[in-house]
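# Remarks on the overall topology
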Amino acid sequence: MPTIYQLKSRFQDMLRPVCRKLAASGVTANQVTVSAIVLSVLQGALLWLFPGAALPLLLLPVVLFLRMGLNAIDGMLAREHDQKSHLGAVLNELGDVVSDAALYLPFAALPFVPTELVIGLVVLALIGEMTGVIGVQVGASRRYDGPFGKSDRAALFGFCGFLMGIGLTTPILYQVLFGVGLILSALTILNRARNALRELETR
């Protein structure tokens, strides 16, 4: 199924010159990973402390884009500059779920947003990422199947943050958007589990 993750290679090509400069300056993949986590937690704190305030909501798409860039850079530093490590793998996986929770759970506190849908989205996001990692545990590859992976979640919440930031607070709109996200998240879990098993069967 189509997903924003499929654009990753083009995004990495754009960031590769920056990645080379960072590597030459002695910046490590783990430092970039931690920076992405800190950035996400700080943005999440702003959303919690100032619920519904325009500035934190309008900052969210920017922070999500920066996080996406940092996530791409840490991967390239690890793969292309011999910086792979067990610590890096742990930070990468834990960082994703911690960052998602920090950035998205504050939406549940907004009065015009369905709390149960936001919490459901975050829970299914955690299960989806765990399902992707289970692929490795059973002998398949780390699964990133869509249709609603990390980048797609970022696009949804970033878009909603922008709409809220400009004053669009119609409850039905977010019921529909987050409801669709919930369904797609469930499909993503199914696809990752099924495709991991298929991968093993074809070997």
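In the block above lies the structure referred to throughout.
Before going into details, it helps to say that this report is about the structure given with it. (Residues numbered from 1 in each chain as written. Predicted model: local features only at pLDDT ≥ 70, side-chain atom pairs only at ≥ 80, totals over all residues. Heavy atoms only, no water.)

### Looking at the overall build of the protein
Along the protein, the regular secondary structure elements total seven helices and zero strands. When the elements of the protein are put in sequence order from the N terminus, they spell out α-α-α-α-α-α-α. Compactness check: the protein gives a C-alpha radius of gyration of 17 Å against a globular reference of 17 Å for 203 residues, within 12% of the reference. Counting across all 203 residues of the protein, residues that qualify as buried make up 45%. Within the protein, counting contacts between residues at least 6 apart in sequence, those at least 24 apart form 82% of the total. When the accessible surface of the protein is split by element, carbon and sulfur atoms take 71% of a total near 10300 Å². With 16 positive and 13 negative side-chain charges, the protein shows a separation of 4 Å between the mean positions of the two kinds. (Helix = DSSP H or I, 4+ residues; strand = E, 2+ residues; numbered from the N terminus. Rg over C-alpha atoms; globule rule 2.2 N^0.38 Å. Buried < 20%, exposed > 50% of the residue type's maximum accessible area, 1.4 Å probe, protein only. Contact = heavy atoms within 4.5 Å. Areas by Shrake-Rupley, 256 points an atom, 1.4 Å probe, with all protein chains shown as cover. Lys, Arg positive; Asp, Glu negative; His and termini not counted. Charge placed at Lys NZ, Arg CZ, Asp CG, Glu CD.)

### Topic: the pattern of salt bridges
A complete count under the given rule lists twelve salt bridges for this structure. The partner of R153 in a salt bridge is E129, and the shortest N-O contact between them spans 3.2 Å. Placement of R153 in helix α6 (residues 150–165) and of E129 in helix α5 (residues 115–137) is noted, with a sequence separation of 24 residues between them. When sorted by exposure, R153 lands in the same class as E129, which is buried. The network of salt bridges with shared partners includes R67, E93, D96, D100, E129, R142, K150, R153 and R192. (Salt bridge = Lys/Arg side-chain N within 4 Å of Asp/Glu carboxyl O.)

### Notes on a nonpolar patch on the surface
Side chains of L46, W48, L49, F50, L55 and L59 sit close together on the surface and give an oily, nonpolar patch of about 610 Å² of accessible area. Of all the elements in the fold, those that place two or more residues in the nonpolar patch are α2 (29–49) and α3 (54–80). Relative to the helices and strands, L59 resides in helix α3. The class of L59 is partly exposed, set by a relative accessible area of 32%. (Patch = residues over 30% accessible without salt bridge, like charges linked within 9 Å, V, L, I, M, F, W, Y side chains within 5 Å.)

### Describing the environment of L47
Within the fold, L47 resides in helix α2. Accessibility expressed as a relative area gives 6% for L47, which makes it buried.

### Observations concerning the packing of aromatic side chains
On inspection of all chains with the given rule, the structure shows seven aromatic pairs. With centroids separated by 5.2 Å and ring planes inclined at 70°, the aromatic side chains of F107 and F157 adopt a geometry described as edge-to-face. On the criterion of sequence distance, the pair formed by F107 in the loop between α4 (86–104) and α5 and F157 in helix α6 is long-range, its members being 50 residues apart. Per residue, the accessibility class of F107 equals that of F157, and both read buried. Look at F157 and F178: their rings are 5.2 Å apart centre to centre, the planes differ by 35°, and that puts the pair in the tilted class. Of this pair, F157 sits in helix α6 while F178 sits in helix α7 (residues 171–201), and the two are 21 residues apart along the sequence. You can call F157 buried: its relative accessible area is 1%. Members of the aromatic cluster, joined through ring pairs, are Y104, F107, F112, F157, Y174 and F178. (Phe/Tyr/Trp six-rings, centres within 6.5 Å; stacked < 30°, edge-to-face > 60°.)

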